[in-house]
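Tertiary structure, described
For reference, the chains in residue letters:
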Amino acid sequence: MDGGRSSDGGGVKLHIAMLPWLAMGHLIPYLHLSKRLTQKGHRVSFFTTPKNATAVANLLHPPASISSAAAIDVISIPLLHNPDHELPPEAECTMDIETAKQPLLKLEFDSLSESIAAVLRSAKPDWVIHDFTSPWIHPIAAEIGVPCVYFSVHTASTMSFVGPPDAILGHGDGFRRRVAPEDFAVVPSWVPFDSTIVYRLHELKKLGIAKRGESNDFQRFGDSILGSDLVAIRTCSEFEPEWIYLLSELYKKPVIPIGPLFPATGEAVNTVEGGGGGWSGGPIKEWLDKQRLDSVLYVALGTEAVLTRDELAELANGLEKSRLPFI
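Keep in mind the model is a prediction, meaning the values are calculated, not measured. All residue numbers refer to position in the chain's written sequence, counted from 1. Reporting in this predicted model follows two pLDDT cut-offs: at least 70 for local features of residues, and 80 or more for side-chain atom pairs to be given and counted; totals over whole chains, interfaces and linings ignore these cut-offs and use all residues. With hydrogens and water excluded, all non-hydrogen atoms of the structure serve as input to the side-chain values.

1. A short note on the side chain of T48
By the element assignment, T48 lies in strand 4 (residues 43-48). Given the relative accessible area of 2%, T48 is considered buried. Strands here are runs of E lasting at least two residues and helices are runs of H or I lasting at least four, both read from the DSSP assignment and numbered beginning at the N terminus. Only protein chains enter the area calculation, which uses a 1.4 Å probe; residues under 20% of their type maximum are buried, those over 50% are exposed, and those in between are partly exposed.

2. Some details on a nonpolar patch on the surface
Like-charged residues are merged into a patch within 9 Å and nonpolar side chains (Val, Leu, Ile, Met, Phe, Trp, Tyr) within 5 Å, provided each residue has over 30% relative accessible area and no salt bridge. Only the protein chains shown count as cover for residues, with accessible areas throughout obtained via the Shrake-Rupley method and a probe of 1.4 Å. Salt bridge criterion: a side-chain nitrogen from Lys or Arg within 4 Å of a carboxyl oxygen from Asp or Glu. A cluster of nonpolar residues, I284, W287, Y298 and I327, forms a patch on the protein surface that exposes about 410 Å² of accessible area. Here W287 shows up in helix 11 (residues 283-289).

3. Quick word on the environment of I116
One can find I116 in helix 4 (residues 113-123). Assessed through its relative accessible area of 1%, I116 is described here as buried. It is 8.0 Å that separates the C-alpha atoms of I116 and I77, two residues lying 39 residues apart in sequence. Apart from the residues within four sequence positions on either side, I116 is in contact with L19, F47, I77, W136 and I137. The contact rule is simple, with two residues in contact once any of their heavy atoms fall within 4.5 Å.

4. Remarks on the confidence of the model for the chain
Values of pLDDT, ranging from 0 to 100, describe the predictor's confidence in every residue of the model. When pLDDT is averaged across the chain, the result is 85; 84% of the residues are at 70 or more. pLDDT under 50 marks residues 210-214. Its contacts with residues more than four places away, or in other chains, come to six contacts.

5. Remarks on the nonpolar core
Take the buried residues of types Ala, Val, Leu, Ile, Met, Phe, Trp, Tyr and Cys, join any two whose side-chain atoms come within 4.5 Å, and each joined set is a nonpolar core. Within the largest apolar cluster, 48 residues are counted, with the highest numbers of intra-cluster contacts made by F47, I116, L120, I137, M159 and Y251. Core analysis: the second largest hydrophobic core is formed by 23 residues, Y30, L37, V56 and L230 among them.

6. Notes on the pattern of salt bridges
Counted by the stated rule, this structure contains four salt bridges. Across the pair D110 and R220 runs a salt bridge whose closest N-O atoms are separated by 2.9 Å. Here the residue D110 occupies a position in the loop between helix 3 (102-109) and helix 4, and R220 occupies one in helix 9 (residues 217-227), the gap between them amounting to 110 residues.

7. Quick word on the packing of aromatic side chains
Any aromatic ring pair is given by two values, namely how distant the centres are and how the planes are angled relative to each other. Pairing of aromatic rings covers Phe, Tyr and the six-membered ring of Trp, with a centre-to-centre limit of 6.5 Å; geometry is then stacked below 30 degrees between planes, edge-to-face above 60, and tilted otherwise. One pass over the full model with this rule turns up seven aromatic pairs. With a centroid separation of 5.4 Å and 85° between ring planes, the pair formed by W21 and F109 is classed as edge-to-face. One end of the pair, W21, is in the loop between strand 3 (15-19) and helix 1 (24-39); the other, F109, is in helix 3, with 88 residues separating them in the sequence. Residue classification places W21 among the buried residues on the basis of a relative accessible area of 2%. You can call F109 buried: its relative accessible area is 1%. Ring centres of F184 and F218 lie 5.4 Å apart, and the angle between their planes is 40°; on these two criteria the pair is classed as tilted.

8. A few points about helix 12 (residues 309-322)
By definition here, a helix of n residues has an expected span of 1.5 Å times n minus one. In this model helix 12 runs 20 Å from its N-terminal to its C-terminal C-alpha over 14 residues, within 8% of the 20 Å that 1.5 Å per residue would give. Count one or two residues on from helix 12 and you reach R323, which has phi positive near 55°.

9. A closer look at the packing of helix 1 against helix 2 (residues 50-59)
At their nearest, the axes of helix 1 and helix 2 sit 11 Å apart, and the two run at 50° to each other. The orientation of helix 1 with respect to helix 2, classified from their angle, is oblique. Both helix 1 and helix 2 take part in a crossing whose hand is right-handed. Judged by residue contacts, M24, L27, I28, L31 and K35 of helix 1 engage N52, V56 and L59 from helix 2. By residue class, the composition of the contact of helix 1 with helix 2 is six nonpolar, one polar and one charged. To get an axis, fit a line to the C-alpha atoms, keeping to the stretch in contact for a helix; angles then go from 0 to 180 degrees between the N-to-C directions. Oblique is the label for every angle not falling under 35 degrees (roughly parallel), over 145 degrees (roughly antiparallel), or within 65 to 115 degrees (roughly perpendicular). Each crossing is labelled by how the near helix is turned from the far one, with a counterclockwise turn of less than a right angle marking it left-handed and a clockwise turn marking it right-handed. Here the term charged refers only to Asp, Glu, Lys and Arg, the term nonpolar to Ala, Val, Leu, Ile, Met, Phe, Trp, Tyr, Cys and Pro, and the term polar to all other amino acids, Gly among them.

10. Some thoughts on the sheet that holds strand 5 (residues 72-76)
Paired strands are those between which DSSP finds at least two bridges. Spatially, 5-4-3-6-7-8-9 is the arrangement adopted by the seven strands of the open sheet, whose pairing is parallel. Looking along the sheet, the strands with just one partner apiece sit at the ends: strand 5 and strand 9 (255-257). If you compare each strand with its neighbour and ignore which way they point, the axes differ by 25° on average. Inspection of the sheet shows strand 3 paired to strand 4 by four bridges, in the parallel sense.

11. A closer look at the packing of helix 4 against helix 5 (residues 137-144)
Two elements in contact, helix 4 and helix 5, have axes separated by 10 Å at closest approach and are oriented at 20°. As the angle between them shows, helix 4 and helix 5 are arranged roughly parallel. Every pair of crossing elements has a handedness; the one defined by helix 4 and helix 5 is right-handed. Facing helix 4, whose interface residues are S113, I116, A117, L120 and R121, helix 5 presents I137, I140, E143 and I144. When grouped by side-chain class, the residues that make up the contact of helix 4 with helix 5 number six nonpolar, one polar and two charged.

Right, here's the structure in full:
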């Protein structure tokens, strides 16, 4: 991981460090963004743990046009497991553990900070792009004079619902910190237009609340927003323009929509296990091309959703009643 920017006559080429959270729903968007950056000639150092590094390698098939100087360098750093956390020794990703233990995995993720700091001090990249789980990167980046981007894989509407840093962290006189489940079941006061984006109480109960002494996601969200120089969001202005504008007002800093990061035309869409199939010319696209415009219902449950028998039956019932083809 060599530091310094370069120029080959076609513009400045940057060295960018990527620090995603240990979940496939975060690793994959960060990898897609990394590919886009290398296609522009920039270099990317992608930090993760050994097990996830193997998964990323299976997903990493850059076009032949990308030069070796612009390749994605996957840097593997092992977690320091705390015996008190009682996590399986192989736990390096959220899919390896039950939801209730994810706060403990976040605490173990924090153990990477010193090793990552040592690499960054040596390499001195031009930018650091990080996830919500690693606000501890800000003082490290400040020490070496590197700006930080908080890249949110969530939509602008979701992040607007989470709120401005003052509300998240309970700072300032204008906001009351939300602590009870009912606080998240209503449209927050800082949303100035009609919205139906709220949690349902049964969703909040299923998500649970982190126990004292464990990782607090809202603290991490707030610190990540406050400490970053700008925020990048995986969305586009055509999809939610009013939410993107609101988010920039709430954060009081630049918020840049970078698009949904779909796989490029002709790019293989591989699974974690390394299976292929491709999007362009693949069976899913072929089937979609045969359907009428605006006629298909898309159901996305996330990379790690586990449905109960009753939830699965309810979903099937709803799909049947819609009388629409679906994916």
